[in-house]
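One letter stands for each residue in the lines below.
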Amino acid sequence: VSEEFRGLDTEQLQQKGNEVMTGEAEYASALDLVKGFEGFRSDPYHATEHEKEKGILTIGYGDTQSGKKSVTEEEATEDLVERLNKNNEVIDESVIVDLSRGQREALLSLIDNVGEGAFKKSKGLKKLNEGDYNGAMTEFFDADIGFTKQNGKQLAGLVRRRQAEQDLWTTG
């Protein structure tokens, strides 16, 4: 039995299990995708030279907002699930067309990486809300015009991530 669950009564165990299942099972593909591309780090670090220049620290699975000084893998997963839930709310508030599960999960990962503001201002969201799913996919994920650059420079890791998100968009 994990230390996290040791000493909990039946009701507490059930509640904890429901919390974990709600986040992890609901967005399993997005969760796995983000974890895979971000990797886990227990201590803060600068993910890119640009982020070093800007003083942006990353911890856990791509968390740049919490300001935490240390995190366990379990805590990082819980933090990521919370971010994906928040991103899901952003999608619900911003997208006015129907989405497949794969499209939603691709957007969850995208928003986690580029941020709510960039997503809401994007040409991709405009095209999506006009019902132009292919145009939206291109705007979001294309290697040349999608979200593949940081500070004007295309990053190979972002190209790979956008391709994985596009694969999820089209097949998920």
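Below is a short write-up of the structure. All of these numbers come straight from a predicted model, not from anything done at the bench. (Residues numbered from 1 in each chain as written. Predicted model: local features only at pLDDT ≥ 70, side-chain atom pairs only at ≥ 80, totals over all residues. Heavy atoms only, no water.)

### Describing the side chain of Gln-150
The topology assignment puts Gln-150 in strand β3 (residues 149-150). Of the polar contacts made by the side chain of Gln-150, one reaches the side chain of Glu-51; its length is 3.1 Å. In this structure Gln-150 touches Thr-48, His-50, Glu-51, Leu-155 and Leu-158, once residues within four positions along its chain are discounted. (Helix = DSSP H or I, 4+ residues; strand = E, 2+ residues; numbered from the N terminus. Polar contact = N/O pair within 3.5 Å; in protein donor to acceptor, adjacent residues only side chain to side chain. Contact = heavy atoms within 4.5 Å.)

### Observations regarding helix α4 (residues 73-94)
With 22 residues, α4 extends 31 Å between its outermost C-alpha atoms, agreeing within 8% with the 32 Å of an ideal straight helix rising 1.5 Å per residue. Listed as buried for α4 are Ala-76, Thr-77, Asp-79, Leu-80, Val-81, Arg-83, Leu-84, Asn-87, Asn-88, Val-90, Ile-91 and Ser-94. (Expected span 1.5 Å × (residues − 1). Buried < 20%, exposed > 50% of the residue type's maximum accessible area, 1.4 Å probe, protein only.)

### Side note on the packing of α4 against helix α5 (residues 101-114)
α5 packs onto α4 with a crossing angle of 110 degrees between their chain directions and a minimal axis gap of 9 Å. For the element pair α4 / α5, the angle class is roughly perpendicular. Crossing handedness for the pair α4 and α5: right-handed. Where α4 abuts α5, its residues Leu-80, Arg-83, Leu-84, Asn-87, Asn-88, Val-90, Ile-91 and Asp-92 lie against Arg-104, Leu-107, Leu-108, Ile-111 and Asp-112. By residue class, the composition of the contact of α4 with α5 is 7 nonpolar, 2 polar and 4 charged. (Axes fitted to C-alpha atoms, helices over the stretch in contact; angles between N-to-C directions. Parallel < 35°, antiparallel > 145°, perpendicular 65-115°, else oblique. Left-handed = near helix turned anticlockwise from the far one by under 90°. Nonpolar A, V, L, I, M, F, W, Y, C, P; charged D, E, K, R; others polar.)

### Side note on unusual backbone geometry
A positive phi angle, close to 55 degrees, is found at Asn-151, a residue other than glycine. Along the polypeptide, Asn-151 turns up in the loop between β3 and β4 (153-154).

### Quick word on the environment of Glu-89
Checked against the element boundaries, Glu-89 lands in helix α4. With 19 residues separating them along the chain, Glu-89 and Leu-108 place their C-alpha atoms 9.8 Å apart.

### Some remarks on the environment of Ala-30
Tracing the sequence through the fold places Ala-30 in helix α2 (residues 28-38). When the C-alpha positions of Ala-30 and Glu-165 are compared, they lie 8.5 Å apart, and in sequence the two are 135 residues distant. Apart from the residues lying within four places of it in its own chain, the contact partners of Ala-30 are Leu-84, Glu-105 and Leu-108.

### Quick notes on the packing of aromatic side chains
Under the counting rule described, the total for this entry stands at 5 aromatic pairs. Ring geometry for Phe-119 and Phe-140: centres 5.8 Å apart, planes at 25 degrees, overall stacked. Here Phe-140 lies in helix α8 (residues 133-141) and Phe-119 lies in helix α6 (residues 116-121), a separation of 21 residues in the sequence. No difference in accessibility class separates Phe-119 from Phe-140, as the two residues are buried. Between Phe-140 and Trp-169, the aromatic rings sit 6.1 Å apart at their centres with planes inclined by 65 degrees, giving edge-to-face as the arrangement. Placement of Phe-140 in helix α8 and of Trp-169 in helix α9 (residues 156-171) is noted, with a sequence separation of 29 residues between them. With respect to burial, Phe-140 and Trp-169 carry one shared label: buried. The structure contains a cluster of three or more aromatic residues connected by ring pairs, namely Phe-119, Phe-140, Phe-141 and Trp-169. The residue whose ring lies beneath Arg-41 is Tyr-45, and the NZ or CZ to ring-centre distance is 3.9 Å. (Phe/Tyr/Trp six-rings, centres within 6.5 Å; stacked < 30°, edge-to-face > 60°. Lys NZ or Arg CZ within 6 Å of the ring centre and 35° of its normal.)

Purely spatial values, then, with no claim about function.
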